[in-house]
Amino acid sequence: MRPAGALSLAGALSLAGVLVGDSRAQPAGTPLSLDLGRTVPPGGDALSHGRGPDCWEVRKRNSSEWCRFVRSNPDCRLDSGFLDYLEGVFCVFPPRLLPLAITLYALWLLYLFIILGVTAEKFFCPNLSAISTNLKLSHNVAVFSLMFPLHGVTFLAFGNGAPDVFSAVVAFSDPRTAGLAIGAIFGAGVFVTTVVAGGIALVKPFTAASRPFLRDVIFYMVAVFLTFMILYFGRITLGEALGYLGLYVFYVFTVVLCTWIHRRQRGDGLAPPATWEPEMPTDAEEQESSGTNSGDYGEEYQPLLPSRETSLRILTTALSPLDYRKWRRKPWYWRLFKVFKVPVELVLLLTVPVVDPDKDDLNWKRPLNCLHVLTSPLLCVLTLKSGAYGLYQIQGIFPVWGLVTLVGSFLAIITFITTSNEEPPKYHCVFAFLGFLASAMWINAAATELVNILRTLGIIFQLSNTVLGLTLLAWGNSIGDTFSDLTMARQGYPRMAFSACFGGIIFNILVGVGLGCLLQMTSSQLVVKLEPDSLLVWILAGALGLSLVFSFVSVPAQCFQLGKAYGVCLILYYLAFLCVALLTEFRVIHLSAV
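Please read these numbers as outputs of a predicted model, since none were measured by experiment.

Draft legend 1. Structural context of the overall build of the chain. The helix and strand inventory of the chain stands at 19 helices and seven strands. Within the chain, the proportion of its 594 residues that are buried is 52%. Long-range pairs, those at least 24 residues apart, make up 80% of the contacts in the chain with a sequence separation of at least 6. Per element, the accessible surface of the chain, about 27000 Å² overall, is 66% carbon and sulfur.

Draft legend 2. Region of the structure containing the packing of helix 3 (residues 85-92) against helix 15 (residues 429-461). Their axes nearest at 8 Å, the elements helix 3 and helix 15 cross at an angle of 40°. With respect to each other, helix 3 and helix 15 are oriented oblique. Residue-level contacts link Tyr 85, Leu 86, Val 89 and Phe 90 of helix 3 to Glu 449, Asn 452, Ile 453, Arg 455, Thr 456, Ile 459 and Ile 460 of helix 15. Class assignment for the residues of the contact of helix 3 with helix 15 results in seven nonpolar, two polar and two charged.

Draft legend 3. Quick look at the packing of aromatic side chains. The full count for this structure, using the stated rule, is 19 aromatic pairs. When the ring of Trp 66 is compared with that of Phe 90, the centres are 5.4 Å apart and the planes differ by 75°; the resulting orientation is edge-to-face. Within this pair, whereas Trp 66 is found in helix 2 (residues 66-72), its partner Phe 90 is found in helix 3, the two being separated by 24 residues in sequence. Accessibility classification places Trp 66 together with Phe 90 in one group, the buried group. Ring centres of Trp 364 and Phe 431 lie 6.0 Å apart, and the angle between their planes is 70°; on these two criteria the pair is classed as edge-to-face. Here the residue Trp 364 occupies a position in the loop between helix 12 (332-351) and helix 13 (366-383), and Phe 431 occupies one in helix 15, the gap between them amounting to 67 residues. Exposure remark for Trp 364: the relative accessible area of 2% places this residue in the buried category. The rings of Phe 219, Tyr 248, Phe 250, Tyr 251 and Phe 507 are connected pair by pair, giving a single aromatic cluster. Over the aromatic face of Trp 334 sits the side chain of Lys 330, whose NZ or CZ is 5.6 Å from the ring centroid. Its end group placed over the ring of Phe 416, Arg 366 keeps NZ or CZ at 3.7 Å from the ring centre.

Draft legend 4. Structural view of the state of the cysteines. Evaluated as defined, the whole model comprises two disulfides. At a sulfur-sulfur separation of 2.1 Å, the disulfide partner of Cys 55 is Cys 76. Between Cys 55 and Cys 76, the disulfide has an S-S torsion of 110° and is therefore right-handed. Pair noted here: Cys 55 is in the loop between strand 1 (32-35) and helix 2 and Cys 76 is in the loop between helix 2 and helix 3, with a separation of 21 residues, a long-range link. With relative accessibility at 0%, the residue Cys 55 sits in the buried group.

Draft legend 5. Layout of helix 3. With six of its eight residues buried, helix 3 lies for the most part within the structure. N-cap assignment for helix 3: the residue whose side-chain oxygen lies 3.4 Å from the backbone N of Leu 86 is Asp 84.

Draft legend 6. Quick peek at the pattern of salt bridges. Tallying each qualifying case throughout the model produces seven salt bridges. For Lys 60, the salt bridge is made with Glu 57, and the minimal N-O distance between the two is 3.9 Å. For Lys 60, a relative accessible area of 52% corresponds to the exposed category. Note that Lys 122 is salt-bridged to Glu 345, the shortest N-O span being 2.9 Å.

Draft legend 7. The nonpolar core, seen in detail. Among the nonpolar cores identified, the biggest contains 138 residues, and Phe 90, Phe 186, Phe 498 and Ile 509 are the most heavily contacted of them. For this core, the leading source of residues is helix 4 (residues 98-135), giving 18 residues.

Draft legend 8. Highlighting unusual backbone geometry. Its identity is not glycine, yet Asn 363 carries a phi of approximately 65°, on the positive side. Here Asn 363 lies in the loop between helix 12 and helix 13. Despite not being glycine, Phe 560 has its phi angle at roughly 65°, a positive value. Among the secondary structure elements, Phe 560 is positioned in the loop between helix 18 (535-557) and strand 7 (561-562).

Draft legend 9. Fine view of the environment of Leu 582. Examined against the element boundaries, Leu 582 turns out to sit in helix 19 (residues 564-585). Taking relative accessible area as the criterion, Leu 582 reaches 34% and is therefore assigned partly exposed. For the pair formed by Leu 582 and Val 467, sequence separation is 115 residues and the distance between their alpha carbons is 7.6 Å.

Reading the values: the criteria
Residues numbered from 1 in each chain as written. Predicted model: local features only at pLDDT ≥ 70, side-chain atom pairs only at ≥ 80, totals over all residues. Heavy atoms only, no water. Helix = DSSP H or I, 4+ residues; strand = E, 2+ residues; numbered from the N terminus. Buried < 20%, exposed > 50% of the residue type's maximum accessible area, 1.4 Å probe, protein only. Contact = heavy atoms within 4.5 Å. Areas by Shrake-Rupley, 256 points an atom, 1.4 Å probe, with all protein chains shown as cover. Axes fitted to C-alpha atoms, helices over the stretch in contact; angles between N-to-C directions. Parallel < 35°, antiparallel > 145°, perpendicular 65-115°, else oblique. Nonpolar A, V, L, I, M, F, W, Y, C, P; charged D, E, K, R; others polar. Phe/Tyr/Trp six-rings, centres within 6.5 Å; stacked < 30°, edge-to-face > 60°. Lys NZ or Arg CZ within 6 Å of the ring centre and 35° of its normal. Disulfide = S-S within 2.5 Å. Polar contact = N/O pair within 3.5 Å; in protein donor to acceptor, adjacent residues only side chain to side chain. Salt bridge = Lys/Arg side-chain N within 4 Å of Asp/Glu carboxyl O. Core = buried A, V, L, I, M, F, W, Y, C linked by side-chain atoms within 4.5 Å.

Here you go:
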């Protein structure tokens, strides 16, 4: 779980580059232009970059013309995704049922957030940890001692930030939705560093770890300053995009170095991590805070004598997302939420293998894992480029998904014949890589639908991508971290939760912006133009920077003893920022024309 971080992270980032297609059609040598302001160009010009009327104009027309306008306008076409939300709301539903369509879209939006959260928490992160364990790049306690914080700032950061980063990469892939990425990254930064951090101080006053806090805030302020300068100059070059990723690598190196120096000063040398209070929760703490510890009933339900289960029983048990003993003792609201999650978990269990190094059998379920040999590759080809590659006809005769089905079925039969139910095969670690790939494809597909539906809602309500990013997308991606951090604080780990507020979002901004822009560059286009035409973008960047400066000054001034007054100030700051942002969006606050 240790030094594999850099390798796995690089593999994940390379995967993201494959997952996100290039929707540009720019002349060679012309910088790609990403509009970070309103969907409609400033000044109300009805023409947008030579594409004809902007899709934002549809609500200004008569309702009888909505469908024809959406179908004939190139700017209303979605280049990726499985559902055409614009055509659905303006063509499938009659105008009088527009409120019903919006309600259904809002419910689907919430469900997409559930899909992202479940996939990242129960499938993406466990496989990522299993990969780091199986690579076994650390062979002794001394190396593990140094690499434990590396695991926290690479694997935990990538696992927790996967929805944010994938959403940013997908949003950056289309100039029309780039504002969503900036709004979500900055908006989540303001939300986490004010509401979540303030909530932790309100729930459990504590003394913050001085050096980790100052280190994380300084790095985050540098990242925000770099992003502000890029927005000011209106472009990002290849070197600057790589600089974002390089700065994160330097941050990881700094965390490891600071940990080593701290232990040397304490005289511990290379002591095991058990004597070191981690800045991120350990696996045991994660299980405690999430309430998913498999040992809730101890030895009470363990069989006295080992029994051999049939393959059919193993399959049905492994595919059951419900623990009936836990179901009986949970409150009604937990059961209600579980009902919504069951369909998602069932589909994920069918298509994504999970390797658990903490279990004696490594979570080897022979019939289900053999089925994964077929379903996981099939999932990948059917979700890559929204199924375009999977539906491709080889020589115009045989589809790619059919070939994958035949090869996967053959390999699944071979795996079933050559393995047993009791003992995992020697190549079981391969399933961790397969599960990582499959869960990444699920996250990318859900993120693509998320970005598309947010753009649709922006067109319906005449809202900019930036305000949708800093509200709906930022809140949705941060809600899981909010509950986990507050739960961790209530259970007596406020320092860990507070460190996670500032440490985790560093990954989101550096990798989200750096990778998102990097993937839009080609050999002939090494510059991406950013067009922050909206005042809201500057308010957002300024608010994030100001919140960091406030914490950077006020926390040391309080001798790192954070109480309820600090929490109340942060939450009031966020409410004031949100009011200013909304007033700017609705042009109550605006710059006077020169």
